[in-house]
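Coordinate inspection notes
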Amino acid sequence: MNSLSALWLKDLYALRNLRRMFQREPIFKVIFILAFASGMMGGFFYLFLDGFRFLSDMGGGSYMITRRLFALFFFGLGSMLVMSNTVTSYSTIFRSRETTFLLTGPIDIRNLVTYKFIESTLLSSWAFVFLIVPFSAAYAWHEKLGVMFALWTGLFSIPFVILCGGLGTLLALIAVRWLPRNRIFWGGVVIAALLFLGFTLHQHRTELRDETSFVLNRVLPGLQLASYPLAPNNWVAEGIMSLTGGQFARGALLWCTLLANTLVIGLLVQWLGTATFHAAYQRLIGASDTRKRQPELLAGLDWFLTFLPHDVRGMVLKDMRSFLRDPMQWSQALIFFGLLALYFAGFRSFHYDQFPETWRNLIVFLNIFSVSSVICSLASRFVFPQLSMEGHSFWILGLAPTGMGRILATKFLLAALAMVSVSAGLMSLATWMLQVGPGLKLLAIGVAVAISLSVTALATGLGAVFIDLKQPNPVAVISGFGGTINLVLSLGLMLGTLLPFALTWHWHVTGRLSSALFIRGNILATVWLLTLTLITTLVPLWLGSRSLKRREY
Amino acid sequence: MIRIQQLNKSFGPLHAVRNLSLDVPAGELFCFLGPNGAGKTTTIKMLTGLMRPDSGTVHIGGYDIRTQTVDAKRIMGYIPDMPFLYEKLTPVEFLKFIADLYNVPSSNLRLTIEDALKQFGLNDMRSALIGELSHGMRQRLLYVATFLHSPKVVFIDEPLIGLDPHSIRMIKNLLRAKTQEGMTILLTTHILALAEEIADRIGIISNGSLIALGKMSDLRAQTGVEGKLEDVFLKLTESGNETA
């Protein structure tokens, strides 16, 4: 049997077993996951539909935006997919233990690269279904398009996803094979990227013109780029619309263009992968870290933290050093917050500060929402599995003359300190750039800090309740039952904290709430915020501590 | 069956393997010993084609591992100390996958798998997922998988890790039986008693260089130590460390 067929047959076995495992799960869990997935799709559908209605109500250039939004959507999706698949391809092709295992077998490298390319594309793209389906459905609903629209969207989406995945894989292959590994080079790249971004933002600010398309481009950055005729996302958007509108020849032409480009990218991945895999793999595993490393990272901090009890200090330093020595962890955090910081820093370039008060108010709450969402996802990704990641070395903490409650409290305080600093910093930046009043500024920072505290406590507490010391893979811990519950509760908690304030302020600036009622509303929302934060911080930590104390190791 | 000539590998300033030359004939059980960081795993990685040497050649069954990689891999098997296994497959599915990879003829495959699972005491776990197996059972499954395509050469890194006394006895007997059938086995271990008990020849590597090679009697003669392999090993590696 061909090795590629053998590998796919193996995946088929695994898929069959997954179904078997799913059948063994408690029915409550299955219903919960299905309900959550459907709720999420439904929520996205409603959100997108509401967005389209909002645009229609705006009048003027809204028709142009709606028309181009489809291209912009695929542009954004494609860009995310390229970035995501660059990272996924690196870990799937070069860093997975399966690759090492398969390399000891008689597998043709072309087959190995093809298999891994498809695997990484599937891994990095499946979640986009949760965006493509509700967006397309909402668009079709709003524009009153026929059922065939769904078929055409599927027909165009598949090659588009493979094309973007292929571009990501090509970037990963080139990076591993040829990009220099030294710090000076990467430092230069970061500085150049920042300069480029700064320059672009500056240009954006100075080139204000009156034409509609330019104004639209201010409101929705990237609109012009997304509508570029040679961009694949434009072929997808135009192709779907052509087929839906009965222009079959144009639609077929665009689909064939997309397919031909996808096949070329696929061939390039195969060719480059086959030609460079061995050299790239050797470069990766044979590379030595010749940097002179200090025997102690953050040595000065040891002295600085002398005010802490010795066991707490030990745990704090261990966790900080482990975090800093794991580029996967800090780079993800940096990307998340760095992108948000860049976005906030560009507010004045997009003239958001000159928007009417109603809009600025809306933007402030949307920003608290985005910062809190990132906090939720980071807490789920890093804080929730941190106890499980102690893994087989948990006995060291277990045997140490310190209590389980103390271990949990230390984990919480360290994580909370990081999350609170970042969220408060980002909200200060956003409100400063928007030039909002001191009341709204204080409120935005306060809400973001409260959400950070409770979400971190929830992730720490539930992480202790659902601790899994046998699982070496953090992704498996996160995607388990406990991880899913944690994410859902975090998002619910965030909305529960944010909505009372958001509604009070929105109704006030739109004139639906008098000043007296506005003050009363704020007082009530503040009492609710304090109560909720207190409960959601203390209860999960208490539950987690109790669970750790009762557990046998 | 295994021919290594002037093998070298460096990681930056560290010369992990230096000028290693060795011939292991068919049907021999060769034990490769050395202190931690001596270069054993690097050597095995180069022999299995996972790592490319800076210079030198490796031939497995007459095939050059660099230029005839797929042919060489077709006749060899490798058991690492911390093996990767597909956790979401059952043992039977995993073995069928390995059979497909190595193109094992499908006639009698089912019977062969059944017999092997029985022989290794895994028959009751044939429908369990590999993720549910204990470490010892996984290790046994790996032996079944490695021998499924009847390789001519097998490399084993620490063969007895995590195994119970019954399994240890079984593995020892199996390795002996396989070499008697003509299979060549090269294994690395820190359990010197195992090497002394089952090896036809022993090679000791220290600081990347082969410092001793031969049967037990040869090693004793070389060191002048009339005792167990442990004494011989310590004598050799101590002097190796002193020179280093």
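Overview of the structure. Keep in mind the model is a prediction, meaning the values are calculated, not measured.

Thresholds, definitions, all that
- Residues numbered from 1 in each chain as written.
- Chains lettered and ligands numbered in written order.
- Predicted model: local features only at pLDDT ≥ 70, side-chain atom pairs only at ≥ 80, totals over all residues.
- Helix = DSSP H or I, 4+ residues; strand = E, 2+ residues; numbered from the N terminus.
- Rg over C-alpha atoms; globule rule 2.2 N^0.38 Å.
- Buried ≥ 20, exposed ≤ 12 C-beta atoms within 10 Å, placed from the backbone.
- Contact = placed C-beta atoms within 7 Å.
- Pairing = 2+ DSSP bridges.
- Axes fitted to C-alpha atoms, helices over the stretch in contact; angles between N-to-C directions.
- Parallel < 35°, antiparallel > 145°, perpendicular 65-115°, else oblique.
- Left-handed = near helix turned anticlockwise from the far one by under 90°.
- Nonpolar A, V, L, I, M, F, W, Y, C, P; charged D, E, K, R; others polar.
- Right-handed = clockwise from strand over helix to strand, strands pointing away.
- Arc of directions from axis to C-beta.

**Points about the overall build of chain B**
In terms of helices and strands, chain B carries 9 helices and 10 strands. For 244 residues, the compact-globule formula gives about 18 Å, and the C-alpha radius of gyration of chain B, at 18 Å, lands near that figure. The principal-axis extents of the C-alpha atoms in chain B amount to approximately 55 × 40 × 30 Å. Here chain B holds 244 residues, and the buried ones make up 43% of them. Long-range pairs, those at least 24 residues apart, make up 68% of the contacts in chain B between residues at least 6 apart in sequence.

**Side note on the environment of A:Ile375**
Residue and element names in this part refer to chain A. Assignment of secondary structure puts isoleucine 375 in helix 16 (residues 357-383). Look at isoleucine 375 and you get buried, because 28 C-beta atoms sit within 10 Å. Between the C-alpha atoms of isoleucine 375 and alanine 448, which are 73 residues apart in sequence, the distance is 9.2 Å. When residues no more than four places from it in sequence are discounted, the contact partners of isoleucine 375 are Met419, Ser423, Ile451, Ser452 and Val455.

**Observations concerning the sheet that holds strand 2 (residues 14-24) of chain B**
All names here are of chain B. Pairing is antiparallel in the open sheet, where 4 strands are placed in the order 2-1-4-5. Strand pairing shows two members of the sheet lacking a second neighbour, strand 2 and strand 5 (63-64), which therefore form its edges. As paired strands, strand 1 (residues 2-11) and strand 2 are joined by 7 bridges and run antiparallel to one another. Each bridged residue has a counterpart across the sheet, and for phenylalanine 11 the counterpart in strand 2 is leucine 14.

**Thoughts on the packing of helix 18 (residues 404-434) of chain A against helix 19 (residues 438-465) of chain A**
All names here are of chain A. Where helix 18 meets helix 19, the axes come as close as 8 Å, and the angle between the chain directions of the two elements is 155 degrees. Classified by the angle between their axes, helix 18 and helix 19 sit roughly antiparallel to one another. Crossing geometry of helix 18 relative to helix 19 is assigned as right-handed. Residues Leu408, Lys411, Phe412, Ala415, Ala416, Met419, Val420, Ser423, Ala424, Met427, Ser428 and Thr431 of helix 18 form the contact with helix 19, whose participating residues are Leu440, Lys441, Ala444, Ile445, Ala448, Val449, Ser452, Leu453, Thr456, Ala457, Thr460 and Ala464. Considering only residue class, the contact of helix 18 with helix 19 consists of 16 nonpolar, 6 polar and 2 charged.

**Quick look at the pairing of strand 7 (residues 153-157) of chain B**
Residue and element names in this part refer to chain B. The buried fraction of strand 7 amounts to 5 of the 5 residues, a majority that puts the element mostly inside the structure. The alternating pattern of strand 7 places Val153, Phe155 and Asp157 on one face and Val154 and Ile156 on the opposite face, and all of these are buried. Judged from the 4 bridges that link them, strand 6 (residues 76-79) and strand 7 form a sheet pairing that is parallel. In the strand pairing of strand 7, glycine 77 is matched with valine 154. Taken together, strand 7, helix 6 (residues 165-180) and strand 8 (residues 184-188) form a β-α-β motif whose crossover is right-handed.

**Quick notes on the interface of chain A and chain B**
Quoted interface sizes are often the accessible area lost when the parts come together. Of the residues lining the interface, 24 residues belong to chain A; the matching set on chain B comes to 25 residues. Where the side of chain A that touches chain B is concerned, the elements lending two or more residues are helix 1 (3-24), helix 4 (97-103) and helix 12 (248-286) of chain A. The element contributing the most residues to the side of chain A that touches chain B is helix 1 of chain A, with 8 residues. In the side of chain A that touches chain B, the residues fall into 11 nonpolar, 9 polar and 4 charged.

**Focus on helix 4 (residues 109-119) of chain B**
Residue and element names in this part refer to chain B. Along helix 4, the positions that sit buried rather than exposed are Ile113, Ala116 and Leu117. Down the axis of helix 4, the buried side of the element spans an arc of 100 degrees, and every buried residue falls inside it. Within helix 4, the exposed residues directed more than 90 degrees away from the buried face are Leu111 and Lys118. Elements that come into contact with the buried residues of helix 4 comprise helix 3 (91-101) and helix 5 (135-147).

**Digging into the pairing of strand 4 (residues 55-60) of chain B**
Residue and element names in this part refer to chain B. Sheet topology note: the strand 1/strand 4 ladder contains 5 bridges and is antiparallel. If you follow asparagine 8 over to strand 4, its bridge partner there is serine 55. Where strand 4 meets strand 5, 2 bridges bridge the pair, whose relative direction is antiparallel. Its bridge partner being in strand 5, histidine 59 is matched across the sheet by aspartate 64.

**Comments concerning the sheet that holds strand 8 of chain B**
All names here are of chain B. In spatial order, the strands read 6-7-8-3-9-10; together these 6 strands make up an open sheet with mixed pairing. Each edge of the sheet is formed by a strand with only one pairing partner; in this case those strands are strand 6 and strand 10 (209-214). The sheet shows a mean angle of 15 degrees between the axes of neighbouring strands, taken without regard to direction. Sheet topology places strand 3 (residues 29-33) next to strand 8; 4 bridges connect them, and they run parallel. Within the sheet, the bridge partner assigned to phenylalanine 30 lies in strand 8 and is leucine 186. Strands strand 3, strand 7, strand 8 and strand 9 (201-206) of the sheet are contacted by helix 1 (residues 40-47), whose axis makes an angle of about 150 degrees with strand 7.

Keep in mind that these numbers describe shape and distance, not what the molecule does.
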